[in-house]
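Here is what each chain is made of, one letter per residue.
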2 protein chains.
Amino acid sequence: MTEAVRKAAKAAATPTVTSRAESLAAAELFQLTPADVDLDILPELLGYQLRRAQVRVFNSFLKRLEELDVSPGEFGLLVLIGANPGLNQNALAKAIGSNRSLLVPMLDKLEARGLVVREKSAADRRSHAVVPSRAGQVLIARLKGVVRDHERQVTTPLSEEERQTLLRLLCRLNGQEAE
Amino acid sequence: MTEAVRKAAKAAATPTVTSRAESLAAAELFQLTPADVDLDILPELLGYQLRRAQVRVFNSFLKRLEELDVSPGEFGLLVLIGANPGLNQNALAKAIGSNRSLLVPMLDKLEARGLVVREKSAADRRSHAVVPSRAGQVLIARLKGVVRDHERQVTTPLSEEERQTLLRLLCRLNGQEAE
DNA sequence: TATTGTTATACTCTATAACTATA
DNA sequence: TATAGTTATAGAGTATAACAATA
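Each chain carries its own residue numbering, running from 1 in the direction its sequence is written. Both sets of labels track the order of writing: A upward for chains, 1 upward for ligands. At least 70 in pLDDT is required for a residue's local features to be given in this predicted model, at least 80 for side-chain atom pairs to be given and counted, and no such filter applies to totals for whole chains, interfaces and linings, which use all residues. Calculated side-chain values reflect all of the structure's heavy atoms, with hydrogen atoms and water omitted.

Here we look at the overall build of chain A
Secondary structure elements are defined from DSSP: runs of H or I of at least 4 residues count as helices, runs of E of at least 2 residues count as strands, and each element is numbered from the N terminus. A tally of helices and strands in chain A yields seven helices and three strands. Along chain A, from the amino end to the carboxyl end, the secondary structure elements read α-β-α-α-α-α-β-β-α-α. For chain A, the share of sequence-separated contacts (at least 6 apart) that also reach a separation of at least 24 residues comes to 49%. Per-residue and other accessible areas follow the Shrake-Rupley method at a 1.4 Å probe size, with only the shown protein chains counted as cover for residues. Of the roughly 8000 Å² of accessible surface on chain A, 52% is carried by carbon and sulfur atoms. Throughout, a residue-residue contact means that at least one pair of heavy atoms, one from each residue, lies within 4.5 Å.

With respect to the UniProt feature "domain: HTH marR-type" (unreviewed entry) in chain A
UniProt positions are given in the numbering used here, feature names are shortened, and annotations may be inferred rather than shown by experiment. Under the feature "domain: HTH marR-type" (unreviewed entry), the UniProt entry names residues 43-175 of chain A. Overall, residues 43-175 of chain A shows 66% helix and 8% strand. The separation of its end C-alpha atoms is 24 Å.

Observations regarding the packing of aromatic side chains
All names here are of chain A. Pairing of aromatic rings covers Phe, Tyr and Trp, the last through its six-membered ring, and needs centres within 6.5 Å; plane angles under 30 degrees mean stacked, over 60 mean edge-to-face, and all others mean tilted. Evaluated as defined, the whole model comprises two aromatic pairs over all chains. Arranged with centres 5.2 Å apart and planes meeting at 80°, the rings of Phe61 and Phe75 form a pair that is edge-to-face. Of this pair, Phe61 sits in helix α2 (residues 46-66) while Phe75 sits in helix α3 (residues 72-83), and the two are 14 residues apart along the sequence. The pair formed by Phe61 and Phe75 is uniform in burial state, with each residue classed as buried. Exposure categories follow from relative accessible area, calculated using a 1.4 Å probe and restricted to protein chains: below 20% of the type maximum is buried, above 50% is exposed, and the middle band is partly exposed.

Description of the state of the cysteines
In plain terms, two cysteine sulfur atoms within 2.5 Å form what is called a disulfide here. All chains considered together, the criterion is met by zero disulfides over all chains. Cys171 of chain A takes part in no disulfide bond, and the closest cysteine sulfur to it belongs to Cys171 of chain B, at a distance of 20 Å. Residue Cys171 of chain A is classed as buried on the basis of its relative accessible area, which comes to 15%.

Here it is as structure tokens:
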């Protein structure tokens, strides 16, 4: 295996909740091509179109989130904390596909803003039970509203039926049988 | 605008052909969640499912490419060079959404492998016309075969009709009216 | 001895700016 | 003066390993 390939594989295998779009961060495969170059087979590839769509949706999502001064990574983390109050940092890190050490500065920031609280766990005094504060709960509710609105906004090129079809096909592709 | 948000926005706006899946890089929003945590509204979001699908497709794509010792970034670059022989490095960099300086080491590697050639342009002796070598053309042809095969492989959960529907909806979402 | 949260370190990727050679 | 290719430097993001406290 090549160096570059190994690295890209690793990055893709454990993408994180923070940073650079698909990045892709790490390892971004396909690109929005502005020029009048011949893209050959690229436009026919699912991966190419998936990447374009993801970048597009991500960017507009980013703009909407700015209103509330929340990064996409923070959004995901907040939603998870809101839906699963009391998880310890380790579990939370795994849930967002990250690890303990990366979660620390994220929580530091959210805690400094008074959105979440690290409670000393009585059961296991090594761990912290992470819970949303009152203000955090309010923000999470607002975030959900914003994101639902964004969902409608970003899918304007599609009819409601098409939007649902797209979502259903993606779920199937992702191995999540709809029901 | 927040620091993190600005950075993520920038990264997302100019993702590159190399590395980190979308990573993704840059700023990966949604995550594959293994645990039994409540994902709340996440699974209903197009961005979440798009990201999952992209990571999934990217990873299997990566494995297929390993056979030929080519990274995803190199794949995109090779296809573009094959379809647009003679472009200079600047144009090529823009085409993959990157910049001149990042393209240099990529071309160095491909040239060292004898896959592409930097020809001195007679018209403008500052620039290089990048063209595929004979071996490069052969590899590109093989790559296209691999990628077409991968396309079928990765879409096995879908019928052929569904695959085309998905591609069509993605194109529409991307603002590329099918015809 | 193992695990939680934390910190420190290294490594990768990317962006920016400087350098040269041509124009 | 501006542009093409190149190189060097710095920055952000991430992974890994080490640390203290607790189990």
